[in-house]
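Reading the structure
Below, each chain spelled out in residue letters.
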Amino acid sequence: MKSINRIILIPILILQITCCLAQKTTKTTNASKPKNNAKITVYTTAENTDLRLSSSNNLISKSSSQQKKSTVTITLDTEKTDQTFLGIGGAITDASAEVFAKLSPKKQKEFLRAYYDKSKGIGYTLARTNIHSCDFSSDSYTYVTEGDKDLKTFSIDHDKKYRIPLIKSAMETAGGKLTLFVSPWSPPAFMKDNNDILHGGVLLPEFAQSWADYYVKFINAYEKEGIPVWGLTIQNEPMAKQRWESCIYTPEAERDFLKNFLGPTLQKKGLGSKNVIIWDHNRGDMLTQRANLVFSDPEVSKYAWGIGFHWYETWNGGTPKFEAVGEVHKAFPNKNLLFTEGCIEKFDASRFQFWGNAERYGLNMINDFNNGTVGWTDWNILLDQNGGPNHVGNFCFAPIHADITKDELIYTPMYYYIGHFSKFIRPNAKRILEDVSDKKIISTSFKNSDDKVVTIVMNQSDEEVVYTLINHNLQNTITIPAHAIQTIVY
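Below: a short report on this structure. (Residues numbered from 1 in each chain as written. Predicted model: local features only at pLDDT ≥ 70, side-chain atom pairs only at ≥ 80, totals over all residues. Heavy atoms only, no water.)

1. Considering the overall build of the protein
Helix and strand counts for the protein come out as twelve helices and 20 strands. If you line up the protein on its principal axes, its C-alpha atoms span 115 × 55 × 40 Å. Counting over 490 residues, the protein shows a buried share of 56%. Pairs at least 24 apart in sequence give 74% of the contacts found in the protein among residues at least 6 apart. Total accessible area on the protein is roughly 21000 Å²; 51% of this is exposed by carbon and sulfur atoms. Of the side-chain charges in the protein, 55 are positive and 53 negative, and the distance between the mean point of each set is 11 Å. (Helix = DSSP H or I, 4+ residues; strand = E, 2+ residues; numbered from the N terminus. Buried < 20%, exposed > 50% of the residue type's maximum accessible area, 1.4 Å probe, protein only. Contact = heavy atoms within 4.5 Å. Areas by Shrake-Rupley, 256 points an atom, 1.4 Å probe, with all protein chains shown as cover. Lys, Arg positive; Asp, Glu negative; His and termini not counted. Charge placed at Lys NZ, Arg CZ, Asp CG, Glu CD.)

2. With respect to the side chain of S422
Topologically, S422 is positioned in helix α12 (residues 413-422). A polar atom in the side chain of S422 sits 2.7 Å from the backbone oxygen of I122. Those residues in contact with S422, other than ones at most four positions away along the chain, are I88, I122, G123 and Y124. (Polar contact = N/O pair within 3.5 Å; in protein donor to acceptor, adjacent residues only side chain to side chain.)

3. Description of the sheet that holds strand β14 (residues 408-411)
Within the open sheet, the three strands sit side by side as β12-β13-β14. Their pairing is mixed. Of all strands in the sheet, those bounded by a partner on one side alone are β12 (383-384) and β14. Judged from the two bridges that link them, β12 and strand β13 (residues 400-403) form a sheet pairing that is parallel. Paired with D384 across the strands is A402, a residue of β13. Its contacts with the sheet place helix α4 (residues 105-116) against β13 and β14, and it is angled at close to 20° to β14. (Pairing = 2+ DSSP bridges. Axes fitted to C-alpha atoms, helices over the stretch in contact; angles between N-to-C directions.)

4. Observations concerning the environment of P333
Mapping P333 onto the fold places it in the loop between α10 (322-331) and β10 (336-341). The exposed category is assigned to P333, whose relative accessible area is 53%. Each C-alpha atom of the pair P333 and G372 lies 8.6 Å from the other, and the pair is 39 residues apart in sequence.

5. Considerations on the nonpolar core
With 121 residues, the main nonpolar core has F257 and L382 as its most contacted residues. It is helix α6 (residues 208-224) that contributes the most residues to this core, ten residues altogether. Excluding its chain neighbours within four sequence positions, the residues that come into contact with F257 are L203, A208, W211, A212, Y215, I234, Y249 and L262. (Core = buried A, V, L, I, M, F, W, Y, C linked by side-chain atoms within 4.5 Å.)

6. What to know about the packing of aromatic side chains
What the rule picks out here adds up to 39 aromatic pairs. Ring centres 5.1 Å apart and planes at 80° place the aromatic pair F154 and Y214 in the edge-to-face group. Remark: Y214 occurs in helix α6 and F154 occurs in the loop between β5 (126-131) and α5 (163-173); sequence separation between them is 60 residues. Aromatic rings pair up to connect Y141, Y143, F154, W211, Y214, Y215, F218, Y222, Y249, F257 and F261 into one cluster. Over the aromatic face of F207 sits the side chain of K149, whose NZ or CZ is 5.5 Å from the ring centroid. (Phe/Tyr/Trp six-rings, centres within 6.5 Å; stacked < 30°, edge-to-face > 60°. Lys NZ or Arg CZ within 6 Å of the ring centre and 35° of its normal.)

7. Digging into unusual backbone geometry
Of all residues except glycine, most have a negative phi; of all peptide bonds, most are trans. Following G388, the chain continues into P389 via a peptide bond in cis, with omega recorded as 5°. Topologically, P389 is positioned in the loop between β12 and β13. A positive phi is found at N48, a non-glycine position, where the angle reads about 60°. Along the polypeptide, N48 turns up in the loop between β1 (41-46) and β2 (54-55). Even without glycine at this site, L151 takes up a positive phi of about 60°. Residue position: L151 is located in the loop between β5 and α5.

8. So, the layout of surface pockets
For the largest pocket, the calculated volume is near 720 Å³. If you trace the largest pocket, you find 30 residues lining it, with Y312, C343, E345, K346 and N394 closest to the centre. Among the elements of the structure, β8 (275-282) and α11 (355-370) are those that each provide at least two residues to the lining of the largest pocket. Ranked by residue count, the leading element in the lining of the largest pocket is α11, at three residues. (1 Å grid on protein atoms, 1.4 Å probe; cavity = no way out; pocket = protein on both sides within 12 Å on 5 of 7 lines; lining within 4 Å. Points joined across faces, edges and corners; volume = space filled by probe spheres on them.)

9. Re the pairing of β13
Judged by which residues are buried, β13 turns out to be covered on both faces: I400 and A402 on one side and H401 and D403 on the other are all buried. In this sheet, β14 lies alongside β13 in antiparallel orientation, the contact comprising four bridges. Bridge assignment links D403 to a residue of β14, and that residue is E408. The antiparallel pairing of β13 with β14 creates a hairpin that spans four residues between the two strands, and D407 there sits at a positive phi of about 55°.

10. As for the packing of helix α7 (residues 251-268) against helix α8 (residues 285-295)
Angle between the axes and distance between the axes are the two parameters that describe a pair of packed helices. Here α7 crosses α8 at 40°, and the two axes come no closer than 10 Å. Judged on the interaxial angle alone, α8 and α7 are oblique. Pair α7 / α8 crosses with right-handed handedness. Packed against α7, whose contacting residues are P251, E252, E254 and R255, the element α8 presents M286, Q289, R290, L293 and V294 at the interface. The class makeup of the residues in the contact of α7 with α8 is four nonpolar, one polar and four charged. (Parallel < 35°, antiparallel > 145°, perpendicular 65-115°, else oblique. Left-handed = near helix turned anticlockwise from the far one by under 90°. Nonpolar A, V, L, I, M, F, W, Y, C, P; charged D, E, K, R; others polar.)

11. A look at the environment of I278
Locating I278 in the fold gives a position in strand β8. A sequence separation of 81 residues divides I278 from I197, and the C-alpha atoms of the two residues are 21 Å apart. In this structure, I278 is in contact with I234, E254, L258, R290, A291, V294, F295, A304, G306, I307 and G308, ignoring residues within four places of it in sequence.

Remember that the coordinates give geometry; whether it matters functionally is a separate question.
Okay, structure coming up:
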């Protein structure tokens, strides 16, 4: 009997061992084989379609035959991350506030929801505003009477009519908080060598302390109104002599003003926690020059949170200098890069729906983020049907315009392109390093604090592109239409 039992048991044992090995092999094979992610959601905006930030999971390929059409691969490694995301938003200027005030209450509510409501709009979290007048004000003004060096007449009453109410409404719609930074376009005329708030000029040395005190008074006045100020730039476009409010600072002059006046004054007045941003002008050689000069000097670098930049370096027909942003990020990884202004210049009402304007935004945002930028600030959040108001005729585009003669809002493609970033990438997200196998499309990715991954993909070509998105053992093949942008959340 024992012999018979052995004969029966041996095959059973062999069969059990074989089954276990087969199960292990199957598990190993399945674990290493990429699988489709069932929780993925795709949102698309595309030219010549009705897609506007639209849920579009129908563009995810379901069959193997469709997946074989993929010509580009985007590969992510969520364990490899870079900068921490600050936010996306736009400038609340006098012009924006004046136009907003002319809208009906119903349209005002729609407008605020469109920008600042996270679920019903595109969830702006960042804002910029001007310290007294800029070109997008109806006229030039300051907060003191001319010649008042001691700032005894300082008052922000001008801003209480339009701008402060709009900022407060935006904050409320955004959930009670906006990351707000402030920028001056020029000191008052009497503080400058040309005795003119317009046309460039430089700050006179004898008014340097008075001008530093001016920032403090502005910040304190706004915060007294219930508007927290997160940070400030030293000077808007410090190398541009404009026909509107402007003031020139050489690299050394800006450094010395921060080192000897503005930085110490903020510290002394209990505002040392405010985030000071240098430069606030275009990408390119001057961006790297300013960064090297300030950030390499410990005595002034301690006052600087980071460096701001605009996109107007292309004004003479050149290409965007994204590499300069990357160079600063690499050289000074502990400092921050912030896009502080960009718009489509030269307003033309026939081009409200011109798709190339939106693609300029997508191109710049993706490349700026991929080069280490922490936040991105559009210019005016709202302008009228003429691209203003503007006291020097320097009209331009905004993502949303208001036709105040008809009480209508005009949503441009730019609004939707920005929304593909701002609605889904949230403050404190980390940028994920990725590789795109072909230049047919461009892409950037972030991981939010809740571990949701957000990938933005843009196609500027005339043909649809089929691409495969791979994140570790998850992969999906997706079609992006011609002239389109997509956000994938998973």
